[in-house]
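# Descriptive structure summary
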Amino acid sequence: MTTGPGGLEAQPTATTYELGDLVPLAWGGRIRVPHFQRDFRWQSEDVLRLFDSIVKGYPIGNLLLWVRRQQPEQFMLGRLRLTAPAHDESLWVVDGQQRLTSLANALSPEGHPYKPFNVYYDLAAKEFVESPHSPEPHHVALPVLFDLKRLLTWFRTDGLAASDYFDEAERVATALRQYKVPAYLVRQDDRAVLTDIFDRMNNFGRKLNRGEIFSALYSGEEKGADERLTLARISDNVAARTGFGSIDMGTILASVLARRGPDPMRDIRVEFSPAGRRTQSEFPDEDELTAFSQGEEALVRAVNFLIREAGVPHIALLPYRALLVTLTRFFAHFPEPGPNNLRLLRRLYWRLSLVGPMVFRGSFTQFSRTLGGKIRPGEEEGSLRAMLDTISGAEPVVPSTDRFRTNEATTKIILSAWWSLGPRSLTTGEVLDAQSLNTLLQQERTAASAAPMIYPRLGDPRPRLSPANRLFLPTSMDPVSEIPAAIVMQPLEIDDRTWDAVLASHQLDRDVAVLADRDRDAFLSLRQERIREQLGDFISRMAEWGYEDTPTLDSLNLDDEFDELEETDLPAAPEGY
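I will try to describe carefully the structure that is included in this document.

Procedures and definitions
Residues numbered from 1 in each chain as written. Predicted model: local features only at pLDDT ≥ 70, side-chain atom pairs only at ≥ 80, totals over all residues. Heavy atoms only, no water. Core = buried A, V, L, I, M, F, W, Y, C linked by side-chain atoms within 4.5 Å. Buried < 20%, exposed > 50% of the residue type's maximum accessible area, 1.4 Å probe, protein only. Helix = DSSP H or I, 4+ residues; strand = E, 2+ residues; numbered from the N terminus. Contact = heavy atoms within 4.5 Å. Arc of directions from axis to C-beta. Axes fitted to C-alpha atoms, helices over the stretch in contact; angles between N-to-C directions. Parallel < 35°, antiparallel > 145°, perpendicular 65-115°, else oblique. Left-handed = near helix turned anticlockwise from the far one by under 90°. Nonpolar A, V, L, I, M, F, W, Y, C, P; charged D, E, K, R; others polar. Salt bridge = Lys/Arg side-chain N within 4 Å of Asp/Glu carboxyl O.

Moving on, we come to the nonpolar core. Formed by 93 residues in total, the largest nonpolar core has its most connected members in Ile-247, Phe-305, Leu-306, Tyr-349, Trp-350, Ile-487 and Phe-523. Element by element, the count of residues in this core is highest for helix α13 (residues 339–359), at 9 residues. Residue contacts for Ile-247: discarding those within four places in its chain leaves Ser-235, Val-238, Ile-252, Leu-299, Val-303, Ile-315 and Leu-324. Ranked by size, the runner-up nonpolar core spans 56 residues in total, among them Val-55, Leu-107, Val-129 and Leu-176.

Okay, here's the thing in structure tokens:
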């Protein structure tokens, strides 16, 4: 495609910056991130790899910087609140935001305490690590390592016991400060040219996701950007309002699009241009701000359903993102379903979690398009029945408990089953709530940090990687390195009744717990059987495979159809009711 902005008035100029000069430029407000690519999405492993590459002298890619005039302004760069002075040649990042934001924050005392910037260098192991729970004398924080005066002071005080590693610290500090980053400087007044470059760069080499492209295309002018609702801001708002964790940009975009039409994978470049759309929007007169704000509201309702009705407290326990997209579309059109429809929706969610990938061949696109097409505005009952019909021929299943990997859907289902038990702290006996889980996971992609191994050094990989060798402990207060002893020893401040409840919340009792130190094989075998049984009970209760998927009584015209209505047509009452 060759149409569009007229192009650059002059070729970009090439230059290099040493980190010792580049990072202070960022701290001083001379380097900015245009609002059309403001979302920061790197995780801890990305930041660790960046610094590892720098110290090894590996290339980390070129920067593309837009040289333009700026007015004095305060702004955020990652976790840093900075003041930008007026300047004729400030640098705006067109490509390289993730790298620059990581460098500026991880090397700053103000940004370093926050994930994913809390990086240390292990002088003994010669590697970068996340903030250790119990720092050793040979762990030095990056802001200290980057500042020679602070580093010398550290060796005389906190790092006195690490004096043997001074040469290693000096080597790494020098490598950091003197590392050269290549950059291209673009001088261009037309913002449309910059967004065009941004879009085209996504089509060469390293791909951006649809959410980032969408944000760039519909970014609007720089003026007023701080108050404008964006996909990134929707993600932050939903996390703050629900405690569900950070939803990725792709899922936010798909949810916003699903609200406006049944196919969330449609062409995003013509979303707000009726002339180019193949299908009519269900909200044709809606502007971008309204689409975003109403999309956020529908997404919040969908997330609250997952938390309150489906028993999924955090996005790290959501098996498939397509489920959230479908729920957002449903709650956009039916914001207040009745009790029976909520029950049918819960049933639908769990059946889709279990058999959806088989029915839809593991395709997000097919999953979301098919189910989105079944949700018809104004037909709440019909939409629910139509979605349930898509999996009516699937056989009931219970997930395998052979292995435990927190990035897999099966394990996320197992964790939801464990959450239903109300896991308790091994040290206080208190029930660990959703806020505790959210605080622990923060922006983590999986629940790995909330599910530590009981025996991390087992030689046999099968029991070591089984669910029986994990506890669900959504807290940073329990000693995860001493779990076997914590299971066996009842704390003095916890009474017998509470301790029994603690053990039960982790599929244990006193007879099984006492085996944790005596007979690991017997302990894991007995606990594995309990996990399998509890998972089956949970799935049976949530998916309700044997129940009729009937409409609510309110939707039936009992006056006209009373004579024809058979008893079997009514919703079956669950056992115990």
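Past the structure itself, the notes keep going.
Moving on, we get to helix α17 (residues 434–441). Given 3.6 residues per helical turn, the α-helix brings residues three or four places apart onto the same face. Residues of α17 that are buried include every one of Ser-436, Leu-437, Leu-440 and Leu-441, and no others. Down the axis, α17 shows its buried residues gathered within 120° of arc, on one side only. Counted as exposed and oriented over 90 degrees from the buried face of α17: Gln-435 and Thr-439. Along its buried surface, α17 packs onto α16 (409–419). A positive phi of about 50° marks Gln-442, the residue just after α17.

Along the chain, Arg-321 turns up in helix α12 (residues 321–333). With 47 residues separating them in the primary sequence, Arg-321 and Ser-368 have C-alpha atoms 9.5 Å apart. Not counting residues up to four positions away in its chain, the partners in contact with Arg-321 are Asp-248, Thr-251, Ile-315 and Phe-364.

Relative orientation of the contacting elements helix α5 (residues 148–156) and helix α6 (residues 166–178) amounts to 165°, with a least axis distance of 12 Å. When the interaxial angle is binned, α5 and α6 end up roughly antiparallel. Seen from above, α5 lies across α6 with right-handed handedness. Of the residues in α6, those touching α5 at Leu-151, Leu-152 and Phe-155 are Phe-166, Ala-169 and Ala-173. Of the residues in the contact of α5 with α6, the class split is 6 nonpolar, no polar and no charged.

Before going further, it helps to examine the side chain of Glu-544. If you trace the backbone, Glu-544 turns up in the loop between α23 (520–543) and α24 (558–561). In contact with Glu-544, other than residues within four places in its own chain, are Arg-343, Arg-346, Arg-347, Arg-351 and Ile-539.

Enumeration over the complete set of coordinates arrives at 29 salt bridges. We note a salt bridge from Arg-530 to Asp-509, for which the minimum N-O separation is 2.5 Å. In this pair, Arg-530 is assigned in helix α23 and Asp-509 in the loop between α20 (496–504) and α21 (510–513), connecting sequence segments 21 residues apart. We classify Arg-530 as partly exposed; its relative accessible area is 31%. For Asp-509, a relative accessible area of 25% translates into the label partly exposed. The shortest N-O distance in the salt bridge between Arg-532 and Glu-529 comes to 2.8 Å. Of this pair, Arg-532 and Glu-529 both sit in helix α23, 3 residues apart, which is roughly one turn of that helix. Residue Glu-529 is classed as partly exposed on the basis of its relative accessible area, which comes to 43%.

Take it as geometry only, folks, not as evidence of what the structure does.
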